[in-house]
Amino acid sequence: MTSKGFIFMDIDRAQPPTGPKKDPVESLGADMCPAGLPTVTVQMLRDPDTLRRMREAGAVHHVNMGGREPGWILTRHDAAAKALVDPRLRGEPPRAWPSRTGPQEVTDEEDLFFLPDDVHARLRRMISRQLTPRRVAALTARIQREADRLLDAVAPAETVDFIASFARPFPVAVLCELLGVPETGRGHIRDYVYGWIAEGGEATPVTKSAGLAMTEYLESLIARRWTRPGDDLISAMAQADGASRTDVLSAVRLLLIAGHRPVTRLLTDGVAMLLARPGLWRHLDPARVETTVEELLRVVTPTSLSSRYVKADIEIDGVVLPEGGGVHCALGAVNRDPARFRDPDAFDPARPDNPHLAFGLGHKHCLGAALARVEARTAIATLARRFPRMRLARDRQPRPDRPGARRMPVILDPSPTPAP
Ligand code: HEM
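Definitions and limits used
Residues numbered from 1 in each chain as written. Predicted model: local features only at pLDDT ≥ 70, side-chain atom pairs only at ≥ 80, totals over all residues. Heavy atoms only, no water. Core = buried A, V, L, I, M, F, W, Y, C linked by side-chain atoms within 4.5 Å. Buried < 20%, exposed > 50% of the residue type's maximum accessible area, 1.4 Å probe, protein only. Contact = heavy atoms within 4.5 Å. Near = heavy atom within 4 Å. Polar contact = N/O pair within 3.5 Å; in protein donor to acceptor, adjacent residues only side chain to side chain. Helix = DSSP H or I, 4+ residues; strand = E, 2+ residues; numbered from the N terminus. Nonpolar A, V, L, I, M, F, W, Y, C, P; charged D, E, K, R; others polar. pLDDT = per-residue confidence, 0-100. Pairing = 2+ DSSP bridges. Axes fitted to C-alpha atoms, helices over the stretch in contact; angles between N-to-C directions. Salt bridge = Lys/Arg side-chain N within 4 Å of Asp/Glu carboxyl O. Parallel < 35°, antiparallel > 145°, perpendicular 65-115°, else oblique. Left-handed = near helix turned anticlockwise from the far one by under 90°. Phe/Tyr/Trp six-rings, centres within 6.5 Å; stacked < 30°, edge-to-face > 60°.

Engineer: I'd like a rundown of the nonpolar core, residues and numbers included.
Structural biologist: Core analysis: the biggest nonpolar cluster contains 76 residues, and F162, F166, L383 and M390 have the highest contact counts within it. For F166, the contacting residues outside a window of four places in its chain are A147, L150, L151, P171, L267, A379 and L383. Of all hydrophobic cores here, the second largest spans 19 residues; its members include L84, I314, L321 and V327.

Engineer: For the site of the ligand, give the residues involved together with the corresponding values.
Structural biologist: In the vicinity of the ligand, 29 residues are found, and the nearest of them are H120, R124, S306, R308 and C366. Note that an oxygen atom of the ligand is positioned 3.1 Å from one of the backbone N or O atoms of L361. Of all the secondary structure elements, the ones that give two or more residues to the shell around the ligand are α5 (117-130), α12 (245-258), α13 (261-276), β6 (305-310) and α16 (369-386). Of the residues belonging to the shell around the ligand, the class tally is 17 nonpolar, 8 polar and 4 charged.

Engineer: Provide a residue-level description of the confidence of the model for the protein, including the pertinent values.
Structural biologist: Summarising the model, the protein shows a mean pLDDT of 84, and 82% of its residues fall at 70 or more. Mean pLDDT values for the elements of the protein range from 64 in helix α4 (residues 110-113) up to 98 in helix α8 (residues 169-179). Every residue in residues 1-21 is under pLDDT 50, and counting partners more than four places away or in other chains gives 35 contacts. Note on residues 96-108: pLDDT under 50 across the span, and 31 contacts to partners over four residues away in sequence or across chains.

Engineer: Outline the sheet that holds strand β1 (residues 39-40), supporting the account with residue identities and numerical values.
Structural biologist: Across the sheet, which stays open at both edges, the 6 strands sit in the order β1-β2-β3-β9-β6-β4 with mixed pairing between neighbours. In this open sheet, the two edge strands, each paired with only one partner strand, are β1 and β4 (89-90). One ladder, built from 2 bridges, connects β1 with strand β2 (residues 60-65); its direction is parallel. For V40, the partnering residue across the bridge sits in β2 and is M65. Across the face of the sheet, helix α3 (residues 77-84) comes into contact with β3 (69-74), β4, β6 and β9 (326-330) while running at roughly 120° to β3.

Engineer: Explain unusual backbone geometry residue by residue, including any values.
Structural biologist: Positive phi is not limited to glycine here, since A157 has a value of about 65°. Counting through the fold element by element, A157 comes out in the loop between α6 (133-152) and β5 (159-161). Taking relative accessible area as the criterion, A157 reaches 58% and is therefore assigned exposed. Non-glycine residue D343 carries a positive phi angle of around 50°.

Engineer: Mind laying out the environment of D317, listing which residues take part and the relevant values?
Structural biologist: Checked against the element boundaries, D317 lands in the loop between β7 (314-316) and β8 (319-321). Considering only alpha carbons, one finds D317 and G58, 259 residues apart in sequence, at a separation of 9.1 Å. With residues up to four places along the chain from it excluded, the contact list for D317 reads A59 and V60.

Engineer: Pulling in residues and values, what's your account of the pattern of salt bridges?
Structural biologist: Tallying each qualifying case throughout the model produces 24 salt bridges. Each member of the salt-bridge network shares a partner with another, and the members are R142, R145, E146, R149, E177, E183, R186 and D231.

Engineer: Now, about the packing of α8 against α16: what can you tell me, with residues and values included?
Structural biologist: Between α8 and α16, the least distance of the axes is 11 Å, while the angle of their chain directions is 130°. Classified by the angle between their axes, α8 and α16 sit oblique to one another. In this structure, α8 crosses over α16, and the sense of that crossing is right-handed. Residue-level inspection shows F170, P171, V174 and L178 of α8 in contact with α16, the latter providing L371, E375 and A379. Looking at side-chain class alone, the contact of α8 with α16 contains 6 nonpolar, no polar and 1 charged residues.

Engineer: Residue-level account of the packing of α5 against α12, with values.
Structural biologist: Contact geometry for α5 and α12: axes closest at 10 Å, N-to-C directions at 75°. Considering their axes alone, α5 and α12 lie roughly perpendicular with respect to each other. Counting all contacts with α5, which are made through R122, L123, M126 and I127, the residues of α12 involved are D247, V248, S250, A251, L254 and L255. Classifying every residue of the contact of α5 with α12 by side-chain character gives 7 nonpolar, 1 polar and 2 charged.

Engineer: Tell me about the packing of aromatic side chains, and please be specific about residues and values.
Structural biologist: This structure, assessed with the given rule, holds 2 aromatic pairs. Taking the centre distance of 5.8 Å and the plane angle of 35° together, the rings of F162 and F166 count as tilted. Taken together, the positions of F162 and F166, both in helix α7 (residues 162-167) and 4 residues apart, correspond to about one turn of that helix. Arranged with centres 4.9 Å apart and planes meeting at 15°, the rings of F166 and F170 form a pair that is stacked. For F170, a relative accessible area of 0% puts it in the buried group. Grouped by ring-pair contacts, the aromatic residues F162, F166 and F170 constitute a single cluster.

Engineer: Quick one: what's the story with the pairing of β2, residue by residue and with numbers?
Structural biologist: Along β2, 5 of the 6 residues are buried, which leaves the element largely enclosed by surrounding structure. Pairing geometry for β2 and β3, over 6 bridges, is antiparallel. By the bridge assignment for β3, H62 is matched with W72.

If you want it as structure tokens, here you go:
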């Protein structure tokens, strides 16, 4: 059975009655790697039912991540929250991993997300010193303008693809505003970012050539900002003491890679969920947009994993994890842990206590969390205000240019809600 084609089995019935004790994740029907470990795939990490069963089966599981490497998966909130801030875990993977053999499933632009510790610390410092709450607050009006500009261009009362017309371009436009990429250069960013999403986050010839063109463009933009700074993030990072152009380029690439896909996913899956449940969209309370977005972050959990590596043997929930092992928090499981969230599968926009880990935690906590929150609040509030009768459409036609690409047909209806 391939890792993509597995069939879930009943977890209890699948337990062997006798013999050596096996990790219960195996009984979820996961493909087995040559080392005899269940292979956890991206699909498994996004499926709430599988995640629930993994969590119920235990807090720690020894698995193979996407056919890539052996590691440990954490499924419960308390174990993940402790692990992510534990100094015995770090972000840099050991160099000695065998080279990738299976499909590139549980990965992103790895060179940027799993940098050597010293480079990571340097880039993180460079970004966090400049991507401040003040900078995000100063960007709010421009974020609103970008949301309105995209929505102004959509034909009202016609079926449109929400992903292509809003959820995908909006975070890219916001990143360009943040970084100070002028209108004339945004095509380079879009070509790369859209290709990256369309290819499922894998490096392909298309993304590689778009990546090269974008890098070339960014190098020239950074050189210009070096001598003639503006009020944007690239200029601010370039002005910092000891900044090198290479570091600024790496920081910009990291922000572009990290800062679009989770926002697109949050808006796509979040809005789809709000529209699918009768009454939820029409009764969205503008005064509750902040808690609504927090609840969407918890329920959607746009980024499936937060990963670390063991620096020195560590015991988690009674299991000893040896030095060098990967520790991967399955955030979708963690964010629906009933030990931490009452009625965890319910969407409750008024949930009073919501310590979700959608942005991770600790020394790799999301650097764009404040910006992402403003983006999501602006998007949800603007859509609900302008299109109170927005609804999912039935059109399921594949996109002619990209038959495999995901679509979300909607009708953005601007007519006011009828009185109850
Ligand atoms: C809904 C939106 C977003 C979600 C759910 C999200 C989630 C995450 C998660 C889970 C991590 C890993 C944290 C960890 O391992 O502890 C992360 C890292 C990161 N995020 Fe986000 N993110 C979002 C939006 C953004 C945006 C808009 C930006 C940039 C403008 C951004 C920039 C980053 C960066 C640079 C990192 C790497 C941090 C590091 O390695 O030190 N993210 N994000």
